[in-house]
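Here are the chains, one letter per residue:
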Amino acid sequence: MTDPYLCSLSQCIIDDIKLPDGTFRQNVLSGGGVYATYGMRLWFSSPESQRIAYSFHAGYDFPISILQKLLSLNISLTQIWHSNLPSIRGLATFTSADQRIFVYQTPPIGTVPADLPSSYLNSKIFHFICSPNWALQHITEILKLRDKQLPPPIFVWEPVPNSTIKENLQSCVEAMKMVNVLSPNHEEAAALLGLISEEDEEVDRFLSEDMLMYMADKFLSYQIGPHGNGCVIIRASYKGCLVATKEKKEIIPAYWTISRDGIKNPHIIDVTGAGNAFCGGFMAGLLRSNNDFFEAALYGSVSASFTVEQLGAPRLEFDQNGNEIWNSGESPQERLQKLKQRVKEKIKERLKVKLKERIQGKLKNKDINHHQNGIETGEIDKDKKDGNDIISDGRDLIDAIDHENFRDRMSPAD
């Protein structure tokens, strides 16, 4: 068997869901590992989908319908059966359309590297959702068990929410030295940095661009990755995410956003698992983009967009020719192209503004110098006209090079 590319060590949970109107849904496929795996699977059609690896724990009551759904993904799938234990089950109670309370109904069972088949251990990229101490243990064990002839893998770590407290910051810093990508959401990042308390209800302030940049700088002041060349991705709800390295930072928008008047987007049904799916899509994007963190985040945003459109995982169907259809809509590749175009237009507008500001600043300085040196008004007017021509030419230049990667053209300060 060919070694897989991608592997998640996180849980498969069977959820019962109580909605705000009192209706009840049972046996909904869920769990961080499941959503991450779906986020990967969106980008690998069969038979290449076999390069995605997932191991999960299943008890004596594991529903056949859920097993069939997982098998339909045609990935490298391993079930760890427990004849004397129940499956991992949770109860998700929605108090409003976007607020939920989750509790385990049965004891959770964590997947560890020793549970994985040897081929899974040779994956190129690993994902896990856990505490800092567990992250260190996972990495140590994977490096010990995998083929020593292979290059080191990439580790993508989501700190488990209940571990993101300021008292754990130092242990998180130690784990960050071993992972390549740290990805908390905005609330978890704020809590870990001691900026928020459990009683704090004003969490939306951590979605501002200034606050996201501030938190990213805090994390980057520590070492991320074995060589300090890793990145932090702060997932920021409908704002998208901030991807930050020591060299540059960039906001990557969510595919589905709220409208300008604050009305909820009708495409967004349930955001459960969106962050996990983002990480899975991001991992696929790393492979597709030759490990470009910023490009990979676009894949993550698209994966998250499919996850929020229904309760539970995205729906995979097939047309009469056997082609994959996700959520009965457009393909992941189509959404990726649309998102890339949105990002490109945003950066073009930013470049135009920067160009205008810089040239107008130069003209202002020239006006001051002319005034001080007694230059004739006609000369000043000529210089202003030349400057305006430069601005126009600059805009035309930006419009003419749509095929270029504008993100790579910008300095970190931009």
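What comes next concerns the included structure. (Residues numbered from 1 in each chain as written. Predicted model: local features only at pLDDT ≥ 70, side-chain atom pairs only at ≥ 80, totals over all residues. Heavy atoms only, no water.)

## Observations regarding helix H8 (residues 293–307)
Look at H8: 21 Å from first C-alpha to last across 15 residues, which is about the 21 Å you get at 1.5 Å a residue. For H8, a buried count of 15 out of 15 residues is recorded, marking the element as mostly surrounded by other parts of the structure. Two to three positions downstream of the cap, the backbone nitrogen of Phe294 sits 2.9 Å from a side-chain oxygen, assigning the N-cap of H8 to Asp292. (Helix = DSSP H or I, 4+ residues; strand = E, 2+ residues; numbered from the N terminus. Expected span 1.5 Å × (residues − 1). Buried < 20%, exposed > 50% of the residue type's maximum accessible area, 1.4 Å probe, protein only. Polar contact = N/O pair within 3.5 Å; in protein donor to acceptor, adjacent residues only side chain to side chain.)

## Section: the packing of helix H3 (residues 132–145) against helix H4 (residues 169–176)
It is the contact of H3 with H4, at a shortest axis distance of 8 Å, that shows an interaxial angle of 20 degrees. Here H4 runs roughly parallel to H3, going by the angle between their axes. Remark: the crossing between H3 and H4 carries left-handed chirality. Touching Pro132, Asn133, Ala135 and Leu136 of H3 are Ser171, Cys172, Glu174 and Ala175, all from H4. Tallied by class, residues from the contact of H3 with H4 come to 5 nonpolar, 2 polar and 1 charged. (Axes fitted to C-alpha atoms, helices over the stretch in contact; angles between N-to-C directions. Parallel < 35°, antiparallel > 145°, perpendicular 65-115°, else oblique. Left-handed = near helix turned anticlockwise from the far one by under 90°. Contact = heavy atoms within 4.5 Å. Nonpolar A, V, L, I, M, F, W, Y, C, P; charged D, E, K, R; others polar.)

## Some remarks on the nonpolar core
In summary, soluble globular proteins display a tendency toward joint burial of nonpolar side chains. Phe56, Phe62, Leu70 and Phe282 are the most contacted members of the largest nonpolar core, which has 61 residues in total. Top element by residues in this core is H8. It accounts for 9 residues. For Phe62, the residues in contact, after removing those within four places along its chain, are Cys12, Ile14, Phe56, His57, Leu67, Leu70, Trp81 and Ser87. (Core = buried A, V, L, I, M, F, W, Y, C linked by side-chain atoms within 4.5 Å.)

## Regarding the pattern of salt bridges
Scanning all chains against the criterion turns up 13 salt bridges. The partner of Asp217 in a salt bridge is Lys249, with the nearest N and O atoms 3.0 Å apart. Placement of the pair is Asp217 in helix H6 (residues 209–220) and Lys249 in strand S13 (residues 249–252), with a sequence separation of 32 residues. Judged by its relative accessible area of 29%, Lys249 is partly exposed. (Salt bridge = Lys/Arg side-chain N within 4 Å of Asp/Glu carboxyl O.)

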